Amino acid sequence: MLKRFKNIKPGTLITHVIITLAYPAAKCFRAERNRLLVFTDILSIIALILVAAGIVYNMALRGYFDTTGYFVQRGFRSFSRTGVDLRPNQTLDDYLREARNRREDAFNYPLFLGLVYLAVSAVLAFGVLS
């Protein structure tokens, strides 16, 4: 995973941070009391959701769903109403090679942000408790 840190795109990271922190910040500002406690609670819930999504995305980045994706794609092509088949002679090996090439420069933003948010939430929670 450390090799993939060079694949972080700052624009994408900032977009993910803004989107994932919008709801906890809004709940924090709307709370009448215990704003920091509300923020840490919501942030830890968001972090756990991101970690779960990141685990599934990590499985996809490792190629666990490539074969399934190939057969699902072939199944959808056979039920297509347009009758247009873009890649009729694509073999499973070609599909797996193309999928591996698409995954090479991917970074797992949900898992990374989820772990960072869990750490921030824990630090803030310990700060509130002490």
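Let us look at the structure shown here. Sequence positions are assigned chain by chain, starting from 1 and proceeding in written order. Only residues with pLDDT of at least 70 are given local features in this predicted model, and only at 80 or more are side-chain atom pairs given and counted; all residues enter the totals for whole chains, interfaces and linings. Computation of side-chain values covers all heavy atoms of the structure but excludes hydrogens and water.

1. Considerations on the overall build of the chain
Stated precisely, the cut-off is as follows: A helix here means a DSSP run of H or I that spans at least four residues, while a strand means a run of E at least two residues long, and both kinds are numbered starting from the N terminus. Burial classification: accessible surface area is computed with a 1.4 Å probe over protein chains only, and a residue below 20% of its type maximum counts as buried, one above 50% as exposed, and the rest as partly exposed. Any two residues whose heavy atoms approach within 4.5 Å are treated as being in contact. Areas reported as accessible are Shrake-Rupley estimates using a 1.4 Å probe. Residue values count occlusion only from the protein chains shown.
Scanning the chain from N- to C-terminus turns up five helices and zero strands. If you list the helices and strands of the chain from N to C, you get α-α-α-α-α. When each of the 130 residues of the chain is scored for burial, the buried share is 23%. Within the chain, residue pairs in contact and separated by at least 24 positions form 75% of the contacts whose partners lie at least 6 positions apart. In the structure as shown, the chain presents an accessible area of about 9300 Å², 65% of it carried by carbon and sulfur atoms.

2. Here we look at a nonpolar patch on the surface
Which entries qualify depends on this criterion: Distance thresholds for patches are 9 Å for like charges and 5 Å for nonpolar side chains (Val, Leu, Ile, Met, Phe, Trp, Tyr), applied to residues having over 30% relative accessible area and no salt bridge. Think of a salt bridge as a Lys or Arg side-chain nitrogen and an Asp or Glu carboxyl oxygen that are within 4 Å of each other.
Together, I55, V56, M59, Y64 and F65 give the surface a local cluster of nonpolar side chains, amounting to about 470 Å² of exposed area. Residue placement: M59 occurs in helix α2 (residues 35-61).

3. Things to note about the side chain of N7
Inspection of the secondary structure assignment puts N7 in the segment before α1 (10-30). In contact with N7, other than residues within four places in its own chain, are E104, D105, A106, F107 and Y109.

4. Some points on the packing of aromatic side chains
Note the following rule: Centre distance within 6.5 Å is the pairing criterion for rings of Phe, Tyr and Trp, where only the six-membered ring of Trp is used; planes under 30 degrees apart are then read as stacked, over 60 as edge-to-face, and the remainder as tilted. Two limits define a charge over a ring: the Lys NZ or Arg CZ must be within 6 Å of the ring centre, and within 35 degrees of the ring normal.
In the structure shown here, the tally under the stated rule is four aromatic pairs. Ring centres 5.0 Å apart and planes at 75 degrees place the aromatic pair F107 and Y109 in the edge-to-face group. Y109 matches F107 in its accessibility class, with the two residues each being buried. Using a relative accessible area of 4% as the deciding quantity, one classes F107 as buried. Grouping aromatic residues by their ring pairs yields a cluster made of Y70, F71 and Y95. The positively charged end of R102 is found above the aromatic ring belonging to Y95, 5.9 Å away from the centroid.

5. Some details on α2
Note the cut-off: Residue count minus one, scaled by 1.5 Å, sets the expected span of a helix.
The end-to-end C-alpha separation of α2 is 37 Å, in line with the 39 Å expected for 27 residues at 1.5 Å each. Turning to α2, its buried residues number three or more, namely F39, T40, I42, L43, I46, A47, L50, V51, G54 and L61. Immediately beyond the C-terminal end of α2, within one or two residues, lies G63, with a positive phi of roughly 95 degrees.

6. Some remarks on the environment of V123
Note that V123 resides in helix α5 (residues 109-129). Taking the relative accessible area as the measure of exposure, V123 reaches 59% and is therefore exposed. Separated by 83 residues in sequence, V123 and T40 place their C-alpha atoms 9.3 Å apart.

Keep in mind these numbers describe shape, not what the thing actually does.
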